[in-house]
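# Observations on chain architecture
The chain contents come next:
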Amino acid sequence: MTVAKESIWNDSVLRSRGFSPESLKGAPDKGPAPSTLDKIKVIGGQELHGDIPISGAKNCALKLMCAALLTDKSVYFENAPNSLRDMQSQTELLEYLGCAVKREGSLMAINAGPVKTQTAPYDIVRKMRGSILVLGPLLARFGEAKVSLPGGCAIGTRPVDMHIKALEELGAQITLEEGYINARAPAGGLQGAKILFPKVSVGATENLMMAATLANGTTTLVNAAREPEITDLGECLIKMGAKITGLGTERITIEGVNSLGGAHHAIVPDRIETGTYMVAAAMTGGSLRLKNARLEHLSAAAGHLSQTGVAIDQDGADIIVSRDPNIPLKSIDIMTEPHPGFPTDLQAQFMAMLTIAEGAGLVTETIFENRFMHVPELSRMGANITVQGHSAIVRGVPKLTGAEVMATDLRASVALVLAGLVAEGETTINRIYHLERGYENIVEKLGGVGANIKHA
Ligand code: EPZ
């Protein structure tokens, strides 16, 4: 039965979760309109000093929104990075499915009681690969799902074969037709199973963990991903009534339950945004206090950064990063790996830093096959980088020079912003909509600590 959206929210409950009286009366918050401007201009040379607030993790928030599909009760999130374009795409998808979504600032409430379709169409899924994560929850709760195949993207082909194979191991019948994954659970629902992932996958671990919460019996995920975002997702699922153990290890066990309920969850801070601003402090020779950030989620990146000569400390809920601008950065080698190894989502930013470090550093990308698209753009700014297969040798140069450059994907784009912060003269970064997918208010955050940066 379809429930009218208006009857879903209880105003006093929403108020108790932090929503303002104005927002309860007003039109639904769709988040800020995406910028109509397409460029950022940065004039390099400023040391950065001050505080930057860290937002909730995009790569967790997108999955938590999918987890809300597992119940007909309301799920409330704090610290949601609501102004990101990816969050807007995921909201669009959930609303298309029939969910009620309420947002105000960093608060979000989702009620998937009125879901009316289990089809996630191409037009929405193609905007963002994270939408493949509706597959497991829809299949587990409704017994069927039809989700567009997300297709490749700039950083690699990014297949979803492991998601499909593992759901089949839970008993789902899956066919691929006309670009869609058609999945159907057996009569009586998905069946728990032992799943051995041939390769560590963040998305496959998350899809399966969510699907298994409502399966019959016990599911064990072996060679599971261990990213902090997966642990956070698991902790929210536990609040909803799921039975999960082994979070943060390579073996996660889920004992299926009949139904899940509502929950209230504060989203973990974004470790990739944190790491990006740590690199900004390192490159500019400044000192930044990153507010509400967790160093323990960045052990490998922070360990590498400290070897370049940067001081890093956790101070209560904040991280303080500083570098003496009179002492040059030292080069280091990095190799991306699944967590707790060095994150692929910080590779481009570290490469930007190595372009101005003393000596040469070797950057090896092992997760995605095409994640060096920032190299030609950094080279246009004077960087000395040689790519050989999955590795790049970065020979530090005394200075970068401002240039007109093109953003190609989220992390490549932010690497160009970082390079612009230290380049001589003006850097214009085109196609910044990539940045708006994952960095909340980046111009305001960097401008607030002394960067000469503006939308153009
Ligand atoms: C998540 O992507 C993140 N995205 C990515 O963040 C991140 O780079 C990646 O994990 C690795 O940390 C979101 O969370 C929305 P994977 P995901 O499945 O889940 C291969 C960013 O910049 N693979 O762990 O798609 C795959 O091609 C982004 O915020 C298969 O072969 O990554 C890749 O080589 C970009 N078959 C490797 O595994 C599958 O079925 C790891 O991918 C699934 C994955």
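All values reported here derive from a predicted model rather than from experimental measurement. (Residues numbered from 1 in each chain as written. Predicted model: local features only at pLDDT ≥ 70, side-chain atom pairs only at ≥ 80, totals over all residues. Heavy atoms only, no water.)

Looking only at helices and strands, one finds 16 helices and 24 strands in the protein. Taken over C-alpha atoms, the radius of gyration comes to 22 Å for the protein, in line with the 23 Å a tight globule of 456 residues would show. On the principal axes, the C-alpha backbone points of the protein span a range of 65 × 50 × 40 Å. Split into buried and exposed, the 456 residues of the protein put 57% on the buried side. Total accessible area computed for the protein in this model is approximately 17,400 Å², and 50% of it derives from carbon and sulfur atoms. Here the protein contributes 43 positively and 48 negatively charged side chains, and the mean placements of these two sets differ by 3 Å. (Helix = DSSP H or I, 4+ residues; strand = E, 2+ residues; numbered from the N terminus. Rg over C-alpha atoms; globule rule 2.2 N^0.38 Å. Buried < 20%, exposed > 50% of the residue type's maximum accessible area, 1.4 Å probe, protein only. Areas by Shrake-Rupley, 256 points an atom, 1.4 Å probe, with all protein chains shown as cover. Lys, Arg positive; Asp, Glu negative; His and termini not counted. Charge placed at Lys NZ, Arg CZ, Asp CG, Glu CD.)

In this approach a probe as big as a water molecule rolls over the atoms, and the regions it shows empty are the leftover space. Using the criterion set out here, one finds one cavity of 30 Å³ or more in the structure. Considered as a void within the structure, the largest cavity measures approximately 40 Å³ in volume. Lining the largest cavity are R271, H297, L298, S299, A300, A301, H339, P340, G341 and P343. The greatest single-element share of the lining of the largest cavity, amounting to three residues, is contributed by helix α11 (residues 299–307). (1 Å grid on protein atoms, 1.4 Å probe; cavity = no way out; pocket = protein on both sides within 12 Å on 5 of 7 lines; lining within 4 Å. Points joined across faces, edges and corners; volume = space filled by probe spheres on them.)

Near the ligand there are 22 residues, and of these K63, D161, S201, D345 and I367 occur at the shortest range. In this structure, an oxygen atom belonging to the ligand sits 2.8 Å away from a main-chain N or O atom of G203. Protein coverage of the free-state accessible area of the ligand, which is 830 Å², stands at 87%. Broken down by secondary-structure element, the contributors of at least two residues to the shell around the ligand are α3 (58–67), α7 (161–169), α8 (202–213) and α14 (410–422). Within the shell around the ligand, the residues separate by chemical class into nine nonpolar, five polar and eight charged. Viewed by domain, the shell around the ligand spans two of them, domain 1 (56–266) and domain 2 (271–455), each represented by three or more residues. (Near = heavy atom within 4 Å. Polar contact = N/O pair within 3.5 Å; in protein donor to acceptor, adjacent residues only side chain to side chain. Nonpolar A, V, L, I, M, F, W, Y, C, P; charged D, E, K, R; others polar. Domains from an automatic or database assignment.)

The strand order across the open sheet built from four strands is β10-β11-β13-β12, with neighbouring strands paired in mixed fashion. Pairing within the sheet leaves two strands with one partner each, and these edge strands are β10 (194–196) and β12 (243–245). Strand-to-strand, the axes of this sheet are offset by a mean angle of 15°, without reference to chain direction. Bridge analysis of β10 against strand β11 (residues 218–222) gives three bridges, and the strand direction is parallel. Within the sheet, the bridge partner assigned to L196 lies in β11 and is V222. (Pairing = 2+ DSSP bridges. Axes fitted to C-alpha atoms, helices over the stretch in contact; angles between N-to-C directions.)

Let us look at the domain arrangement of the protein. We note that the domain assignment places domain 1 (56–266) and domain 2 (271–455) within the protein. Each of domain 1 and domain 2 has a C-alpha centre, and these two points are 30 Å apart. With 22 residues of domain 1 at the contact, the number on the domain 2 side is 23 residues. The largest per-residue losses of area from domain 1 upon contact with domain 2 belong to R85, I155 and P228, which jointly make up 32% of the total buried on that side. (Contact = heavy atoms within 4.5 Å. Buried area = accessible area lost by both parts, 1.4 Å probe.)

So, on to unusual backbone geometry. Following H339, the chain continues to P340 via a peptide bond in cis, the omega torsion being 10°. Along the chain, P340 falls in the loop between β18 (334–335) and α12 (347–354). The backbone phi angle of N292 is positive, close to 65°, even though this residue is not glycine. Residues other than glycine seldom take positive phi values, yet R431 does so here, at roughly 60°. Residue placement: R431 occurs in the loop between β23 (426–430) and α15 (433–436).

So, on to helix α4 (residues 85–97). Taking 1.5 Å as the rise per residue, α4 with 13 residues should run 18 Å; its terminal C-alpha atoms sit 19 Å apart, in good agreement. Extensive coverage of α4 is indicated by the burial of 10 of its 13 residues. Among the residues of α4, D86, M87, Q88, S89, Q90, T91, L93, L94, E95 and L97 are the ones counted as buried. Buried residues in α4 make contact with α3, β4 (100–104), β5 (107–111), β6 (119–120), α5 (122–125) and α6 (135–142). Two residues or fewer past α4, G98 is found with a positive phi of approximately 115°. (Expected span 1.5 Å × (residues − 1).)

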